[in-house]
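Observations on chain architecture
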Amino acid sequence: MVKQRVLSGVQPTGNLHLGNYLGAIRNWVDGQSQYENFFCVVDLHAITVPHNPATLREDTYAIAALYLACGIDLSHATIFVQSHIPAHCELTWLFNCITPLNWLDDMIQFKEKATKQGENVSIGLLDYPVLMAADILLYQADKVPVGEDQKQHLELTRDIAVRFNHQFGQGEKILKLPEPMIRPEGARVMSLADGTRKMSKSDPSDLSRINLLDSPEQIQKKIKSCKTDSIRGLAFSSLDRPECHNLLTLYMILSGQSKEAVAAACQDMGWGQFKPLLTEVVISALKPIQDQYQAVMADKGYLNTVLRQGQEKAGAIAHQTLTAVKQAMGYALPL
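Residues numbered from 1 in each chain as written. Predicted model: local features only at pLDDT ≥ 70, side-chain atom pairs only at ≥ 80, totals over all residues. Heavy atoms only, no water.

Describing the packing of helix 6 (residues 123-138) against helix 7 (residues 151-168)
Quick note on the threshold: A fitted line through C-alpha atoms serves as each axis, taken over the contacting stretch for helices, and the angle formed by two N-to-C directions is quoted from 0 to 180°. Every helix listed is a DSSP run of H or I at least four residues long, and every strand listed is a run of E at least two residues long, numbered separately from the N terminus. Small angles under 35 degrees read as roughly parallel and large ones over 145 as roughly antiparallel, with 65 to 115 read as roughly perpendicular and the rest as oblique. A clockwise turn of the near helix away from the far one marks a right-handed crossing, whereas an anticlockwise turn of less than a right angle marks a left-handed crossing. Residue contacts follow a heavy-atom distance rule, with two residues in contact if any of their heavy atoms lie within 4.5 Å.
With their axes 9 Å apart at the nearest point, helix 6 and helix 7 run at an angle of 70 degrees to one another. In this view, helix 6 runs roughly perpendicular relative to helix 7, as classed from their interaxial angle. Between helix 6 and helix 7 lies a crossing whose hand is right-handed. Residues Tyr-128, Pro-129, Val-130, Met-132, Ala-133, Ile-136 and Leu-137 of helix 6 form the contact with helix 7, whose own contacting residues are His-153, Leu-154, Leu-156, Thr-157, Ile-160 and Ala-161.

Put into structure tokens, the structure is as follows:
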């Protein structure tokens, strides 16, 4: 039986955090044997906002190493770097020429990030969703693991595919319409500083997130200083007590307990009793990832081989799709 294809990626902008892991990468690992998986390091997306050229290369290697450290199995998955395959940029341009501008104006993430950047906002940030569409459609992905905040971008991807197939397909579906994969629990891990905001690498305060490579001392400090309330007894309540809800959810997922079990065990606890428990669970959950990451990063030859093989496999599929797109659009292809 032919397995369905899954495509996803993470930007190499700083260390991955628990939100990245629980909302995306752990889901990839859990379901990887059921699918044909392509996981990329989306370094082209990383420059849609101001970035540090001095760290981009090493950050790219670090993300690829974390994929492996988190449990991505190369017998089920292909890992590659987005910029190593020029077809991503070329297909983006072709899609730019058929995508109405007002579709991009309606993107919520663009509005939020553009407000922060002011006059420095780039065309690349506006065009980010079209590049994402090219990433997905190049590989004819059946499913895309996304968080709730990325659903709008995936809907745009489907709209672009439908528009292209209608205009150039002549009755054929040249581009496959992908479906979202969303895990209900833990899909949105919230900030340690504000339970109403998503945990983010872009938050200026490192205390707002637990990074996958944080030391036990750093984890203890962050959990000890995270925002809480003065109410005795802990309960899941995303509206009335968002920080409490977030920390209990983290504890539930990382400890492997049910929501009912956690609620019963913590209903009479104070924060002084709960925070050490959460700290212990987080440190224990991250130690195997950190150990494996150090092993992978110590062998750059192996990591380069993984990325080179990923480029070859992913590049062949991308070239095939790009050729079909250009033929449908009427291009004279090189002999």
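Topic: the domain arrangement of the chain
The test is simple: Where each domain begins and ends is defined by an automated method or by a domain database. Accessible area, probed at 1.4 Å, shrinks when two parts are joined; the buried area is that loss added up over both. Between Lys or Arg on one side and Asp or Glu on the other, a salt bridge is scored when a side-chain nitrogen of the former is within 4 Å of a carboxyl oxygen of the latter. Polar contacts, as counted here, are pairs of nitrogen or oxygen atoms within 3.5 Å of one another; within protein the pair requires one atom able to donate a hydrogen and one able to accept it, and residues that are adjacent in sequence qualify only if both atoms are side-chain atoms. When residues are grouped by polarity, Ala, Val, Leu, Ile, Met, Phe, Trp, Tyr, Cys and Pro land in nonpolar, Asp, Glu, Lys and Arg in charged, and all others, Gly among them, in polar.
Split by domain assignment, the chain resolves into domain 1 (5-186 + 300-329) and domain 2 (206-294). On a C-alpha basis, the centroid separation for the pair domain 1 and domain 2 is 30 Å. At the interface, 15 residues of domain 1 touch 16 residues of domain 2. Between domain 1 and domain 2 the total buried area reaches about 1,400 Å² when both faces are included, carbon and sulfur atoms providing 77% of it. Counting across the domain 1 and domain 2 interface gives zero salt bridges. Counting the contacts that link domain 1 with domain 2 gives two residue pairs in polar contact (both at pLDDT 80 or more). Elements represented by at least two residues in the side of domain 1 that touches domain 2 include exactly helix 1 (18-31) and helix 2 (53-69). No other element matches the five residues that helix 2 contributes to the side of domain 1 that touches domain 2. For the side of domain 1 that touches domain 2, the residue count by class is ten nonpolar, three polar and two charged.

Describing the state of the cysteines
Let me state the cut-off plainly: We call a pair of cysteine sulfur atoms a disulfide when they lie within 2.5 Å.
Within this structure, the stated rule accounts for zero disulfides. Cysteine Cys-40 shares no disulfide, and the gap to the nearest cysteine sulfur, in Cys-89, comes to 12 Å. Here Cys-97 stays free of any disulfide, with the sulfur of Cys-89 as its closest cysteine sulfur at 14 Å.

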